[in-house]
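Report on the structure
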Amino acid sequence: MASRRLQIVPLAEAEKFPLFQRPIALLLIMAAAMPLAFAVWSALLNNFVIEAAGFDGSDIGWLHTVREIPGFLAIGVIALIIFIREQVLGLVSLAMLGAATAVTAWFPSFEGLLVTTMIASIGFHYYETVNQSLQLQWLKKDRAPQMLGWIVAAGSAASLVAYAALVVTWQTFELSYNLVYLLGGGATVLIAGICFFAYPQFEAPDPQNKKFILRRRYWLYYALQFMSGARRQIFIVFAAFMMVERFGMEVHQITALFLINFVANMIFAPLMGKAVAFFGERRALMFEYIGLALVFVTYAGVYFFDWGLVLAAVLYVLNHLFFALAFAIKTYFQKIADPKDIAPTAAVAFTINHIAAVFLPALLGYLWLYDPGMVFGLAACMALVSLALAMLIPRHPSEGHETIFQARLLAPAE
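This write-up is about the structure you can find in this document. Keep in mind it's a predicted model, so treat the numbers as computed, not measured.

Okay, the overall build of the protein chain next. On a plain count of helices and strands, the protein chain comes out with 18 helices and 2 strands. Here the C-alpha atoms of the protein chain give a radius of gyration of 21 Å, agreeing with the 22 Å that 2.2 N^0.38 yields for 414 residues. Expressed as lengths along the three principal axes of its C-alpha atoms, the size of the protein chain is roughly 60 × 55 × 35 Å. Within the protein chain, buried positions represent 58% of all 414 residues. Contacts spanning at least 24 positions in sequence make up 87% of the contacts within the protein chain whose residues lie at least 6 apart. Taken as a whole, the protein chain presents about 16,800 Å² of accessible surface, with 71% of it coming from carbon and sulfur. Once the 25 positive and 24 negative side-chain charges of the protein chain are each reduced to a mean point, those two points are 12 Å apart.

Between its terminal C-alpha atoms helix α9 (residues 177–198) stretches 32 Å, which fits the 32 Å expected from 22 residues at 1.5 Å a residue. Within α9, the full set of buried residues consists of Y177, V180, Y181, G184, G185, T188, A192, C195 and F196. What you see down the axis of α9 is that its buried residues fit within an arc of 140 degrees, all on one side. Of the exposed residues in α9, those oriented more than 90 degrees away from the buried face are L183 and L190.

Tracing the chain through its elements places Q233 in helix α10 (residues 219–245). Note: C-alpha distance between Q233 and V358 (125 residues apart in sequence) is 9.5 Å.

This next bit is on the nonpolar core. Within the largest apolar cluster, 142 residues are counted, with the highest numbers of intra-cluster contacts made by F202, I234, M242, Y299, Y316 and F376. Per element, the largest residue contribution to this core is 18 residues, and it comes from helix α3 (residues 23–53). Those residues in contact with F202 that lie beyond four places of it in its chain are V9, L11, A14, F17, Q21, R22, P23, L26, R85, Q87 and W138.

Time to look at the side chain of E288. Note that E288 resides in helix α12 (residues 281–305). Using a relative accessible area of 0% as the deciding quantity, one classes E288 as buried. Among all residues touching E288, those that are not within four sequence positions of it are R231, F322, F323, L325 and A326.

Our focus in this paragraph is a nonpolar patch on the surface. Residues F72, L73, F226, I355, F359 and L363 make up a contiguous nonpolar surface patch of about 510 Å² in total accessible area. Residue contributions to the nonpolar patch peak at 3 residues, all from helix α16 (residues 355–370). Along the chain, the position of F226 falls in helix α10. For F226, a relative accessible area of 31% gives the class partly exposed.

Position of E128 relative to the elements: it lies in helix α7 (residues 110–138). Although buried, E128 forms no salt bridge, and the nearest oppositely charged side chain, K330, lies 5.4 Å from it. The contact partners of E128, leaving out residues within four places of it in the chain, are M34 and F350.

Time to look at the packing of aromatic side chains. Tallied over the full model, the rule gives 18 aromatic pairs. Here the aromatic rings of F38 and F124 are separated by 4.7 Å at their centres, their planes lie at 15 degrees, and the arrangement is stacked. Taken together, the residues F38 in helix α3 and F124 in helix α7 connect sequence positions 86 residues apart. With relative accessibility at 13%, the residue F124 sits in the buried group. With centroids separated by 5.3 Å and ring planes inclined at 80 degrees, the aromatic side chains of Y218 and F333 adopt a geometry described as edge-to-face. Highlighted residues: Y218 in the loop between β2 (201–203) and α10 and F333 in helix α14 (residues 327–336), separated in sequence by 115 residues. With a relative accessible area of 0%, Y218 lands in the buried category. On the accessibility criterion, F333 (1% relative accessible area) is buried. Following the ring pairs from residue to residue traces out a cluster consisting of F48, W170, Y177 and Y181. Taking the ring centre of F323 as reference, the NZ or CZ of R232 above it sits at 4.4 Å.

Next up on the list: the pattern of salt bridges. Throughout the structure, instances matching the rule amount to 6 salt bridges. In this structure, the salt-bridge partner of E281 is K335, at a minimum N-O distance of 3.1 Å. You can see E281 sitting in helix α12 and its partner K335 sitting in helix α14, a full 54 residues away along the chain. Assessed through its relative accessible area of 0%, E281 is described here as buried. The partly exposed category is assigned to K335, whose relative accessible area is 26%. Salt bridges here are not isolated pairs; linked through shared partners, they connect R217, E399 and E402.

Attention now goes to the packing of α10 against α14. Packed helices, taken two at a time, are described by their axes: the angle between them and the distance between them. With their axes 10 Å apart at the nearest point, α10 and α14 run at an angle of 165 degrees to one another. With respect to α14, the element α10 is oriented roughly antiparallel. Judged by the twist between their axes, the crossing of α10 over α14 is left-handed. When α10 is examined against α14, the residues L220, Y221, L224, Q225 and S228 are found in contact with a partner set consisting of I329, Y332 and F333.

Conventions and cut-offs
Per chain, residue numbering runs from 1 following the sequence as it is written. Side-chain atom pairs in this predicted model are given and counted only at pLDDT of 80 or more, local residue features only at pLDDT of at least 70, and totals for whole chains, interfaces and linings cover all residues. Derived side-chain values reflect all non-hydrogen atoms in the structure, with water molecules and hydrogen atoms excluded from consideration. Each helix is a run of DSSP H or I of at least 4 residues and each strand a run of E of at least 2, with the numbering of both proceeding from the N terminus. C-alpha atoms define the radius of gyration in this analysis, and the globule rule sets the expected value at 2.2 Å times the number of residues to the power 0.38. Buried, partly exposed and exposed residues are distinguished by accessible area as a fraction of the type maximum, computed with a 1.4 Å probe on protein chains only: under 20%, between the cut-offs, and over 50%, respectively. Only heavy atoms matter for contacts: two residues are in contact if any of them lie within 4.5 Å across the pair. Where accessible areas are quoted, they stem from the Shrake-Rupley method and a 1.4 Å probe; at the residue level, only the protein chains shown are allowed to cover. Under this rule, positive means Lys or Arg and negative means Asp or Glu; His and the chain ends count for nothing. The atoms used to mark charge sites are NZ of Lys, CZ of Arg, CG of Asp and CD of Glu. Given a helix with a known number of residues, its expected span is that number minus one, times 1.5 Å. This arc corresponds to the set of directions leading from the helix axis out to the C-beta atoms. Buried residues of nine kinds, namely Ala, Val, Leu, Ile, Met, Phe, Trp, Tyr and Cys, make up a nonpolar core once their side-chain atoms join them within 4.5 Å. Like-charged residues within 9 Å of one another, or nonpolar side chains (Val, Leu, Ile, Met, Phe, Trp, Tyr) within 5 Å, are grouped into patches, provided each residue has over 30% relative accessible area and no salt bridge. Any Lys or Arg side-chain nitrogen located within 4 Å of an Asp or Glu carboxyl oxygen qualifies as a salt bridge. Centres within 6.5 Å are what make two rings of Phe, Tyr or Trp a pair, Trp counting through its six-membered ring; a difference in plane orientation under 30 degrees is then read as stacked, over 60 as edge-to-face, and the rest as tilted. Charge-over-ring placement is defined geometrically: NZ (Lys) or CZ (Arg) within 6 Å of the ring centre, and within 35 degrees of the ring normal. Throughout, an axis means a line fitted to C-alpha atoms (over the contacting stretch in the case of helices), and angles, computed between N-to-C directions, take values from 0 to 180 degrees. Comment on the angle field: the value is read as roughly parallel under 35 degrees, roughly antiparallel over 145, roughly perpendicular from 65 to 115, and oblique elsewhere. Two helices that cross are described as forming a left-handed crossing if the nearer one is turned anticlockwise from the farther one by less than a right angle, and a right-handed crossing if clockwise.

Structure, rendered in C-alpha cells:
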C-alpha cells in the first residue's frame, strides 16, 4: 500500500482506473467521512453545552467565534502546499477533525470546549479549503455541477447514518456524550487513514500557483463568498440553538430533525446539480437567496409570534436545501478562473468567507440576549444583498465574462 500512496498518477491516466480507485471516488469517500465527526459534533453540541457547561446565548456565540478563527486563517493553506501535497494535507486535516471531535466530552467546560473546538475547526476548515480546490481541479467543467450535487448527497448520506443511529439508540441504550463523540470522531480518523494509504497521489494537469493571489476580476466571487459566510453563521449558530432554548428540544428530537434534513438533501442535491447545469449559476443563486430571505423573515415571526416548533423545524429543513445550492458559487468560479489559480484562490476565498464569521457570532450573541428576532431579520437583509450580487453573474460566465458588465461590453463583438 505504501508504494501506491507514493505513486503520482496524472488525472488523464486515473480515468482508466476502476471506478472505486478514481479521484471522484476519493472525493465521495472524504465527503462521507467528514460528517461522521462534524455532524455528530453539531447534533450533540447545543444540548451538551447547555447540560454540561451551562452555556447561554453569549457563550455559544463566543464558541462559534473561536470555531471560525481557523477559517479566517485558511489562507495558511497556501504556505502549507509548498511543502505538502494538497491531497495529503486534506486527509491529515480530516483526521485532525475526527480526533478533536472524539475527545470533546472529556472537556465539559467553557475553556475546554474552546480548545477542542479550535483544534477540530483547524482540521475542518483546512480540509474544506483543500477539498474545494481538489474538486475544482479534478472535476470537468461540464460535469462539475452534477458531480458536486452527488458529493453533497454523499455527505448527507453519511450524516443520515450518524443521525439515524443517534435517534434509534440515544434513549434506548441511554448513550453518553462521550461514547457518541468517540465513535463519530474515531470513524473519521479511521477512514482518513485508509484513504491516505489506499489511494495514489492524483496530479492535476495545471500546476497550482503557491503564492497569495487576489485578482480584481474575481471581485464578485469574493463578494459572494463574504456574504455567504456572514449569512450562514447566523443560521448555524442560532437556528438550532433557538429550538433547544425556546422549545426545549432534546437530543433525540433535534437529531431526528437533522435526519429529515439530510434525507431531503440526499434526494434533492443531485437534482440541484442538474438544475445548476441547466439554468446556470445566476438563476440558481437568485432562487437560493430569495428563498433564504423568506425563510429568515419567517424565523423572526416564529420567535416573535410563537408560531410553533413544527414551523421552525420545516424552516430549518428548507434553509438547508437552499444552502445546498451554494455549490453554484464554486462552479461560477471554476468557469471564470485561470486553472492555476484554483488552490490559492480557494484559500483566499475561505478566508474572505470567514471574515464576518470571526466576530459576528459573538456580537450577535449579545443581540440575541436583547432581541432574537432582530438576529434573523439581519440574516434576511444579508440574503437580499446576496441576491443583488447574484444578479451581476452573466448567463454564461467565463474568463473575460466574470460579470454582466463585461458580458454586455463584449456582446456586440459576438
